[in-house]
Each structure stands twice: as structure tokens, then as C-alpha cells.
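Fold and geometry: a report
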Amino acid sequence: MSEDIHKGHKLLKSGKYAEARQFFEEALQADPENPSFLTGMGDTLRQQKEYLAASAYYRQALDINRSELNALRGFGDAMRGSLQYEAAIEYWKSYLQLKNYKDVFVLTRVADCYKSLKNVEESQKYYQLVLDINATNRYALIGLADLYHKHGMDSQAIEYYEKALDNGVTLINILTIVGNLYYRQGNYEKARVYYEKTLDQDPENAYALFGLGNYYRWKSDYLRAIELWEKIKEENSSTANMLTRLGDAYRNVGQYEAAERTFKKNMSLGYNKYSIIGLIKLYCLQSRMDDAHSFYDELLIRERGEDRKVFSEIGDLLIKRNKPEQAREFLLHALDRQKANTVVCSIIEDRLKQLR
């Protein structure tokens, strides 16, 4: 019988599902209550994503022998395949009890399912059981890192992502994730290192180009930021956020035509508040006040009359650029449009007094 089982599993392992299925069907005709044959048929069906049918065979095997290890493990896999995570965990735990909780693969699956169920404490517990057995297990390290990342625990996420990388994980997206986490923490130099590591392996990686561009934007090196952002292929990731920042960078280095083109390209993809604000700033700097006023009016319509201190931000920019007349003209227009809002009017009037 063991030779027969070996033959069936060899067919299954080589992906010959039709032949494996035929083999186990014939085997079960000869010996219908053989738990190993029942489990083998369950495995065959599960590999073909026929989870319900597979479950029926696993159940039969377990009715005959409750301690059939392969059936318990396979049943858990079938339940996971049909997104029944709690049932999957139940069968895997029965399996793990018989294995003294020493199977790192099934421990990881339990942790993954708890993560899908958003049960942070149990997920963390099972990943740690894996690491107690093998401190360098990549799946557990990445699993824990991902768990912490999803729940906003950035420092812990960085710690375990870096452990995974130190232990040979080569997933390039992890490099950009760690870069983004460091950037979010305000550790911009560390973020730069990870973005550059990504680009060393994938020079056109849109996420790393965007992140490194943000780094140089933080350094006020707008020309370098522009160079990086312009490398992002349109079909890759011309995000609204990136295009707005690219427009701002062009404006900051005095390339006004490129700035206008970029903001308008972004707006052609759909309404974008920050591109409208970018155009208002740009037009004020160019003394194109009618255009600036027109877009400010559109902003108020789109935002249902709410300004959120855009007038103040634009006024500050114009004063900083030594354009007090343009600041006055824009603030007067904003004052007229905000006359129903006494609080905003009071702030604008104070700003106007400062310009005298």
C-alpha cells in the first residue's frame, strides 16, 4: 500500500492532476475506507482548487482516523482556500497538537490566518513560535513585519523587515516599504539609503523614484527631484500626488511653463485640489491675476466654499517672493468671495493691514 501511495503523491507532485485523480479513484474503489487514499484524493482536488469536494474526502478520512495528520493539515488548507480562516485554524491546531507545535510551515499558516482575521495578538504569538524554532525563518519575519506594518506599528515593522532582508529575503518591494516607513518617521537619510538600494536593482522602480524625489524635495534640491520624478513612466505610476509635487518643483525653480503643463495634465485626469492651488500660486507669481482669481473661484465651488487657509498660504508665498501688490490683489479677491464667512474675513483683513 505504501508503494501505491507513493505513486499517487508522485503524480500529484509533478502536477499530473488528471492521472493522480484517476489513480486515487481506482485505489478507493479497491479500498474505500483507506484514510491515506481518501487524503490523497482530497489533496488532488484541493490542488485543483475544488475546496468543497476536497473537504468531503478529508472529512471521511478523519471519520475513520481522527489523528490522520495529512488529512488535518490538508483540511486546514482547503478551509483557507475557501476563505474559512477560523475553520482552517481549528484543523491546523489539531494537527499541531499531534506534532508538538514543531511544524513551522503550519504554524506560519495559522499566524497568517489570524492576521487575515485582524487578530494581532494571536498572529504575533504564532509567528513567534516559528521564530523560537528558527530565528531566521523568512516567512515568519516577513509575516510579523507585515502584521506590524498593517497596524501602524512602524518601528516594529522596520525591525522585522530589516531582519528578513539580513536573512536573504530579496523582495524588492520590501526595500521601498522600509524606505517609506523611515520617511514617515522623519528619518529621511535612512529612507534615502533604501530608495537608492531599490534603484540599484531596478532603475525604473516608480515607488523608489517617487520616494527619492520626495527626499530631494525635502532637501530643497528641486532640480534633482524633477529629474527623478520625470523618470516615472506614465503607465507605471503618474499619480496625482506625484504630478502635483512635480508641478510645485517646476514652479520653485522658475520653470513656469513646465509647471503649468504638469498641473493641467494632472487636472485632465480628474479634479485635484492641490493642482488648482498650484495653478493659483503660479498665476499670482506670473501676475496673471485674472487667471488666479478664476481658479480660486473654481476651488471654492469644488470645496463648497471652504478655503482652509489657502488664501493665507498664497499670501505668504507672494510676500516671500517680494510681490506685495499681487498679494494685496489676491487677498482682496478672496475677501470679496469670503464675505459670508466673518472669521475668514477677519483674518484676511488683518493680513491686508500688514501689507500697508
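Nothing here was measured: the structure is a model prediction, and the numbers come from that model. Sequence order as written defines residue numbering, which begins from 1 separately in each chain. pLDDT decides what is reported in this predicted model: residues at 70 or higher carry local features, side-chain atom pairs at 80 or more are listed and counted, and totals for whole chains, interfaces and linings draw on all residues regardless. Hydrogens and water molecules were not included; the side-chain quantities draw on all heavy atoms of the structure.

Another aspect to go through is the side chain of Asp-248. A run of H or I in DSSP counts as a helix once it spans at least four residues, and a run of E counts as a strand once it spans at least two, with each numbered from the N terminus. By secondary structure assignment, the location of Asp-248 is in helix 16 (residues 240-252). Residue class for Asp-248 comes out buried when judged on its relative accessible area of 16%. When checking whether two residues touch, look at their non-hydrogen atoms; a contact exists if any pair is within 4.5 Å. Beyond its immediate sequence surroundings of up to four residues, Asp-248 is in contact with Phe-263 and Gly-278. Note on classification: 1.4 Å probe, protein chains only; a residue is buried when its accessible area is under 20% of the maximum for its type, exposed when over 50%, partly exposed between these limits.

Let us now look at the environment of Trp-229. Here Trp-229 is to be found in helix 14 (residues 222-229). C-alpha separation for the pair Trp-229 and Ala-206, spaced 23 residues apart in sequence, amounts to 8.4 Å. Excluding residues within four positions of it along the chain, Trp-229 makes contact with Leu-209, Phe-210, Gly-213, Asn-214, Arg-217, Met-242, Arg-245, Leu-246 and Ala-249. N or O atoms closer than or at 3.5 Å make up a polar contact, with two conditions inside protein: a donor-capable atom paired with an acceptor-capable one, and, for residues adjacent in sequence, both atoms drawn from side chains. Only 3.2 Å separates the side chain of Trp-229 from the backbone oxygen of Phe-210, close enough to count as a polar contact.

Let us look at the side chain of Ser-275. As for its position among the elements, Ser-275 is in helix 18 (residues 273-285). What makes Ser-275 buried here is its relative accessible area of 0%. Leave out the neighbours within four places in its chain, and Ser-275 touches Thr-244, Phe-263, Asn-266 and Met-267.

What follows covers helix 8 (residues 120-133). Every helix has an expected span of 1.5 Å times one less than the residues it contains. Here helix 8 contains 14 residues, and its C-alpha end-to-end distance of 20 Å stays within 8% of the 20 Å for a straight helix at 1.5 Å per residue. What helix 8 keeps buried is the set Ser-123, Tyr-126, Tyr-127, Val-130 and Leu-131. One side of helix 8 carries all its buried residues, which in axial view fall inside an arc of 145 degrees. Counted as exposed and oriented over 90 degrees from the buried face of helix 8: Glu-121 and Asp-132. Those residues of helix 8 that are buried are in contact with helix 6 (85-98), helix 7 (104-116), helix 9 (138-150) and helix 10 (154-166). Arc definition: it is the arc formed by the directions from the helix axis to the C-beta atoms.

What follows covers the packing of aromatic side chains. For any two aromatic rings, the description comes down to two numbers: the centre-to-centre distance and the angle of the planes. Note on aromatic contacts: the rings of Phe and Tyr and the six-membered ring of Trp form a pair at centre separations within 6.5 Å, being stacked when their planes are under 30 degrees apart, edge-to-face when over 60 apart, and tilted otherwise. Tallied over the entire structure, the rule returns 13 aromatic pairs. On the basis of an interplanar angle of 75 degrees and a centroid distance of 5.1 Å, the ring pair of Phe-23 and Phe-24 is categorised as edge-to-face. Here Tyr-215 and Trp-218 contribute two aromatic rings whose centre-to-centre distance is 5.8 Å and whose plane-to-plane angle is 45 degrees, an arrangement assigned as tilted. In this pair, Tyr-215 and Trp-218 both sit in helix 13 (residues 206-218), three residues apart, roughly one turn of the helix. Of the residues examined, Trp-218 reaches a relative accessible area of 41% and is grouped as partly exposed. Every member of this aromatic cluster is reached through a ring pair, and the members are Tyr-183, Tyr-188, Tyr-215, Tyr-216 and Trp-218. For a Lys NZ or an Arg CZ to count as sitting over a ring, it must be within 6 Å of the ring centre and within 35 degrees of the ring normal. Taking the ring centre of Tyr-160 as reference, the NZ or CZ of Lys-163 above it sits at 4.6 Å. Sitting over the face of the ring of Tyr-194, Lys-197 holds its NZ or CZ atom 4.8 Å from the ring centroid.

Moving on, we come to the packing of helix 13 against helix 16. In helix packing, the relevant descriptors are the interaxial angle and the interaxial distance, both defined with respect to the helix axes. Note on definitions: angles span 0 to 180 degrees between N-to-C directions of axes, and those axes are lines fitted to C-alpha atoms, for helices only across the stretch in contact. In contact at an axis separation of 11 Å, helix 13 and helix 16 are set at 35 degrees when each is read in the N-to-C sense. Considering the relative orientation of helix 13 and helix 16, their crossing is left-handed. Across the interface between the two elements, Phe-210, Asn-214 and Arg-217 from helix 13 touch Asn-241, Met-242 and Arg-245 from helix 16. By convention, the crossing between two helices is left-handed when the near helix turns anticlockwise from the far helix through less than a right angle, and right-handed when the turn is clockwise.

Here Arg-138 lies in helix 9. A C-alpha to C-alpha distance of 16 Å links Arg-138 and Lys-102, two positions 36 residues apart in sequence. Within the local environment of Arg-138, its side chain forms a polar contact with the backbone oxygen of Asn-167, the two atoms lying 2.9 Å apart.

For this document, the term salt bridge refers to a Lys or Arg side-chain nitrogen within 4 Å of an Asp or Glu carboxyl oxygen. On inspection of all chains with the given rule, the structure shows 23 salt bridges. Several salt bridges converge on common partners, so that one network encompasses Asp-43, Arg-46, Asp-77, Arg-80 and Arg-109.

Helix 6 packs onto helix 5 (residues 69-81) with a crossing angle of 160 degrees between their chain directions and a minimal axis gap of 7 Å. When the interaxial angle is binned, helix 5 and helix 6 end up roughly antiparallel. Here helix 5 and helix 6 pass one another in a crossing that is left-handed. In contact with Leu-69, Leu-72, Arg-73, Phe-75, Gly-76, Asp-77, Met-79 and Arg-80 of helix 5, helix 6 contributes Tyr-85, Ala-87, Ala-88, Tyr-91, Trp-92, Ser-94, Tyr-95 and Leu-98. Think of it as three bins: nonpolar holds Ala, Val, Leu, Ile, Met, Phe, Trp, Tyr, Cys and Pro, charged holds Asp, Glu, Lys and Arg, and polar takes everything else, Gly as well. Tallied by class, the residues present in the contact of helix 5 with helix 6 amount to eleven nonpolar, two polar and three charged. For classification purposes, angles smaller than 35 degrees are called roughly parallel, those larger than 145 roughly antiparallel, those between 65 and 115 roughly perpendicular, and all remaining angles oblique.

This brings us to helix 16. Between the first and last C-alpha of helix 16 there are 18 Å, a value that for 13 residues agrees with the 18 Å anticipated at 1.5 Å per step. Looking at helix 16, one finds that the buried residues are Met-242, Leu-243, Thr-244, Leu-246, Gly-247, Asp-248, Ala-249, Tyr-250 and Arg-251. A positive backbone phi angle near 80 degrees is found at Gly-254, which sits one or two residues after helix 16.

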